[in-house]
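The primary structure of each chain is shown beneath.
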Amino acid sequence: MRNQVILVIVLLFFVVLASGCISDNKQSNATKTYNQNNVSFTYPGVWELANTTSPNAVVALADPNTIQNGSPTTRVVVQKPDVSKGSNLTDVYAANYKSFFNTTGYQEVSEGNLTINGGIALENIYKSNTDDQKEYRAVWFNKNGNIYVVLFSAKSADFQAQQNNFNLVINSFK
């Protein structure tokens, strides 16, 4: 009987020990805050600051869990287009997309309006027509008289699953 009690205790010990090592691989709810270059927003805690060659980039972020061939496939780039302070958001947006879809390998999926900090934002979702099969979500808005574009991108297969992460950034932008 004593051996059975010891065996049960040892088994319980290993069950408890093993339960601490099991993970469901869900991303943590932890977040980080970026607060530089006159912008502030929250982003997923597992994401990292990234290098970018995008013109007029303020900051870039990437999901390190999506690295393929040395580059992340899920990224966020905040840009401040080179336009004069106080430029009309609608005019700058329209001028950008006037020929964009005709002269590039991208296809528009949808466009619409959002509200960011009580102001109107313009959104354009598009995808690449090339082999990289990526989708993009560009959100344009005016903050303190300056126009910003937050460009989200991910592989088409991951794009919908990343929307909560993209919304975290855009809904916290200050």
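Here the residue numbering is sequential within each chain, running from 1 through the sequence in written order. Whole-chain, interface and lining totals are the exception, using all residues; otherwise, since this is a predicted model, local features are given only for residues with pLDDT of at least 70 and side-chain atom pairs are given and counted only at 80 or more. Note that water and hydrogens are dropped before the side-chain values are worked out from all heavy atoms of the structure.

## Focus: the sheet that holds strand 8 (residues 106–116)
Definition in use: Pairing between two strands is assigned when DSSP locates at least 2 bridges connecting them. Numbering of helices and strands runs from the N terminus; a helix is a DSSP stretch of H or I covering at least four residues, while a strand is a stretch of E covering at least two. Throughout, a contact is declared for two residues whenever any of their heavy atoms are within 4.5 Å. Whenever a helix is involved, its axis is fitted only over the stretch in contact; in every case the axis is a line through C-alpha atoms, and angles between N-to-C directions fall within 0 to 180 degrees.
Pairing is antiparallel across the open sheet formed by 7 strands, whose spatial order is 3-4-7-11-10-9-8. Of all the strands in the sheet, just strand 3 (48–49) and strand 8 have a single pairing partner and so form its edges. Both strand 3 and strand 4 (residues 57–62) contribute to a ladder of 2 bridges, which runs antiparallel. By the bridge assignment, Leu 49 is partnered in strand 4 with Leu 61. Strands strand 8, strand 9 (119–128), strand 10 (134–143) and strand 11 (146–155) of the sheet are contacted by helix 2 (residues 89–103), whose axis makes an angle of about 10° with strand 9. Lying on the sheet, helix 4 (residues 163–171) is in contact with strand 7 (75–79), strand 8, strand 10 and strand 11; it crosses strand 11 at an angle near 165°.

## Section: the packing of aromatic side chains
Using the following cut-off: Any pair of Phe, Tyr and Trp rings, taking the six-membered ring for Trp, is counted once the centres come within 6.5 Å. Such a pair is stacked with planes under 30 degrees apart, edge-to-face with planes over 60 apart, and tilted for the rest. Buried, partly exposed and exposed residues are distinguished by accessible area as a fraction of the type maximum, computed with a 1.4 Å probe on protein chains only: under 20%, between the cut-offs, and over 50%, respectively.
Going through the model one piece at a time under the given rule, you end up with 22 aromatic pairs. Aromatic side chains Tyr 97 and Phe 101 sit 5.6 Å apart centroid to centroid with 10° between the ring planes, which places their arrangement in the stacked category. On the criterion of helical spacing, the pair formed by Tyr 97 and Phe 101 is a turn pair, its members being 4 residues apart in helix 2. Between Tyr 97 and Tyr 126, the aromatic rings sit 6.5 Å apart at their centres with planes inclined by 65°, giving edge-to-face as the arrangement. Taken together, the positions of Tyr 97 in helix 2 and Tyr 126 in strand 9 put the pair 29 residues apart, joining distant regions of the chain. One exposure class covers both Tyr 97 and Tyr 126, and it is buried. Three or more aromatic residues link up through ring pairs in this structure, and these residues are Tyr 93, Tyr 97, Phe 100, Phe 101, Tyr 106, Tyr 126, Tyr 136 and Trp 140.

## Focus: the pattern of salt bridges
Put simply, the test is: Salt bridges are defined by distance alone: a side-chain nitrogen of Lys or Arg within 4 Å of a carboxyl oxygen of Asp or Glu.
A full pass over the atoms with the stated rule returns 1 salt bridge. The partner of Glu 123 in a salt bridge is Arg 137, and the shortest N-O contact between them spans 2.6 Å. Within this pair, whereas Glu 123 is found in strand 9, its partner Arg 137 is found in strand 10, the two being separated by 14 residues in sequence. Exposure class is identical for Glu 123 and Arg 137. Each is buried.

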